[in-house]
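Next come the chains, spelled out residue by residue.
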There are 2 protein chains.
Amino acid sequence: MQEVEILAFDVFGTVVDWHGSIAREVEALNLGVDGGEFALAWRAGYRPAMQRVMSGELGWTLIDDLHRGILDDVLAQFGITSLTESQKRNLNRVWHRLEPWPDAVEGLSRLKQRFMICTLSNGNLGLLANMAKRVGLAWDCLLSAEVFRQYKPHPDTYLGVAQVFDVPAEAVMMVAAHQDDLDSARSYGLKTAYIERPNEFGAANPKDIAGSPANDRHAGSIIALAEQLGC
Amino acid sequence: MQEVEILAFDVFGTVVDWHGSIAREVEALNLGVDGGEFALAWRAGYRPAMQRVMSGELGWTLIDDLHRGILDDVLAQFGITSLTESQKRNLNRVWHRLEPWPDAVEGLSRLKQRFMICTLSNGNLGLLANMAKRVGLAWDCLLSAEVFRQYKPHPDTYLGVAQVFDVPAEAVMMVAAHQDDLDSARSYGLKTAYIERPNEFGAANPKDIAGSPANDRHAGSIIALAEQLGC
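This write-up is about the structure you can find in this document. (Residues numbered from 1 in each chain as written. Chains lettered and ligands numbered in written order. Predicted model: local features only at pLDDT ≥ 70, side-chain atom pairs only at ≥ 80, totals over all residues. Heavy atoms only, no water.)

1. Examining the pairing of strand 1 (residues 6–9) of chain B
Residue and element names in this part refer to chain B.
Then, in step 1: Burial of strand 1 is two-sided: the residues Ile6 and Ala8 facing one way and the residues Leu7 and Phe9 facing the other way are all buried.
Then, in step 2: Strand direction decides the pairing type here: strand 1 and strand 2 (residues 116–121), joined by four bridges, are parallel. Bridge pairing links Ala8 to Cys118 in strand 2.
Then, in step 3: Pairing analysis gives four bridges linking strand 1 to strand 4 (residues 172–176), with the strands arranged parallel. Paired with Phe9 across the bridge in strand 4 is Val175. (Buried < 20%, exposed > 50% of the residue type's maximum accessible area, 1.4 Å probe, protein only. Helix = DSSP H or I, 4+ residues; strand = E, 2+ residues; numbered from the N terminus. Pairing = 2+ DSSP bridges.)

Spelled out as structure tokens, the structure:
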């Protein structure tokens, strides 16, 4: 039986708290809008924007640029006209400054002792590097849609991790708080670990954290996953 | 004046000692050949092999696979027929196990406090990740020809670093023990730092370490570079 050697992590929502981080930054700008609602609206634009890239309607576009396009729409939607171009650029970079969930830094450092730990995120490399450096996420390697020129759930992303490390697909475990990401990973032969993030969309919008029984692991946090894996 | 934010390191010869590492592994195999000569022959095949990729004669090929093709030639050249396929595969992976120069781990850790530190290597991502993890090279991000689908000195590699981090070219400093690499980097607007590695080809074959006066920095080691840059 093939042992797992590589842990590939989804990042937004699984390792970092996009909702809380964005809500706090938006609240601090005193724009007279609800930060949590703003965060939800911004994130809601993410899949449609990526879909436009995946369908070929948009050429290859980094998440930073997709986020900026959505931000402009969301600002209009919320009737915010007071931000300068420089303030908008800075706000768009909030995705580089997302705060980790409280267990993430320690959990990753423990898992790193025994496994190769990498990202497998639709976030671009610069975003992932800035995020990791700011708070100390100890990745061994950043892998991104940017490397494979395809967004998850394209098979080139999941299978790309195995190819980069020259291992069979089943030597890679995808770790995510999103069952659809794990279902895709499993369909290409990867192992899967579900992480519970009930407050991914804010405490006011608790998320179903049942996960699928098909997952190889199910853990309440990255530290709990480390414990399950003997780290 | 643009400050340097990103340090992009050449790896083979600059951060790790390919000659000494390969010579030692080959000597340990007791093949009756001089390990240092074997290392030189293996490395000598590197540029011609890459040239075949860059000219389009060969399709895109990872360094791991180029190294294996050259290894087969070098084994024949040295009249070595005793290795099994598994032994050859393992020997080819010596490039994942190259030892750092004595100053590299500490020097990088110091530079990391103040700069984004990344590789810019023709080595593939899996190779760079395995190498870094084994000895503790504290990269913030691995960038490789594999990310840009071009080998150095193609401009997409040097300029790709600036694009990944969304900074002007002059915010990136290329760090290398090879003047030709630095000359290319500078021609595309990057800053340059030369690191002296007089024994890159073995103590018996001392290398010219004068460097060009056009470099922004010239240092005897990565620790010395850290000191020059106030780290």
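Now, onward.
2. Re the interface of chain A and chain B
Then, in step 1: With 18 residues of chain A in contact, the opposing surface of chain B contributes 18 residues.
Then, in step 2: Where chain A abuts chain B, roughly 1600 Å² becomes buried across the two surfaces, and 56% of that area is made up of carbon and sulfur atoms.
Then, in step 3: For the pair chain A and chain B, the interface holds two salt bridges.
Then, in step 4: With a closest N to O distance of 2.6 Å, Lys133 of chain B and Asp140 of chain A form a salt bridge.
Then, in step 5: Connecting chain A to chain B are six residue pairs in polar contact (both at pLDDT 80 or more).
Then, in step 6: Of all the elements in the fold, those that place two or more residues in the side of chain A that touches chain B are helix 7 (125–135), strand 3 (141–144), helix 8 (145–148) and helix 9 (155–165) of chain A.
Then, in step 7: Looking at the side of chain A that touches chain B element by element, the count peaks at five residues for helix 7 of chain A.
Then, in step 8: Taken together, the residues of the side of chain A that touches chain B break down into 10 nonpolar, two polar and six charged. (Contact = heavy atoms within 4.5 Å. Buried area = accessible area lost by both parts, 1.4 Å probe. Salt bridge = Lys/Arg side-chain N within 4 Å of Asp/Glu carboxyl O. Polar contact = N/O pair within 3.5 Å; in protein donor to acceptor, adjacent residues only side chain to side chain. Nonpolar A, V, L, I, M, F, W, Y, C, P; charged D, E, K, R; others polar.)

3. Quick word on the sheet that holds strand 6 (residues 217–219) of chain B
Residue and element names in this part refer to chain B.
Then, in step 1: Read across the open sheet, the six strands follow the order 3-2-1-4-5-6; overall the sheet is parallel. Sheet topology places strand 3 (141–144) and strand 6 at the edges, where each strand pairs with a single neighbour. Adjacent strand axes in the sheet meet at a mean angle of 25° when their direction is disregarded.
Then, in step 2: In this structure, strand 4 lies alongside strand 5 (residues 191–195), joined through four bridges in parallel fashion. By the bridge assignment for strand 5, Met173 is matched with Lys191.
Then, in step 3: On top of the sheet, helix 7 (residues 125–135) reaches strand 2 and strand 3; it is set at about 145° to strand 3, its chief contact. (Axes fitted to C-alpha atoms, helices over the stretch in contact; angles between N-to-C directions.)

As far as function goes, none of this settles anything; it's purely spatial.
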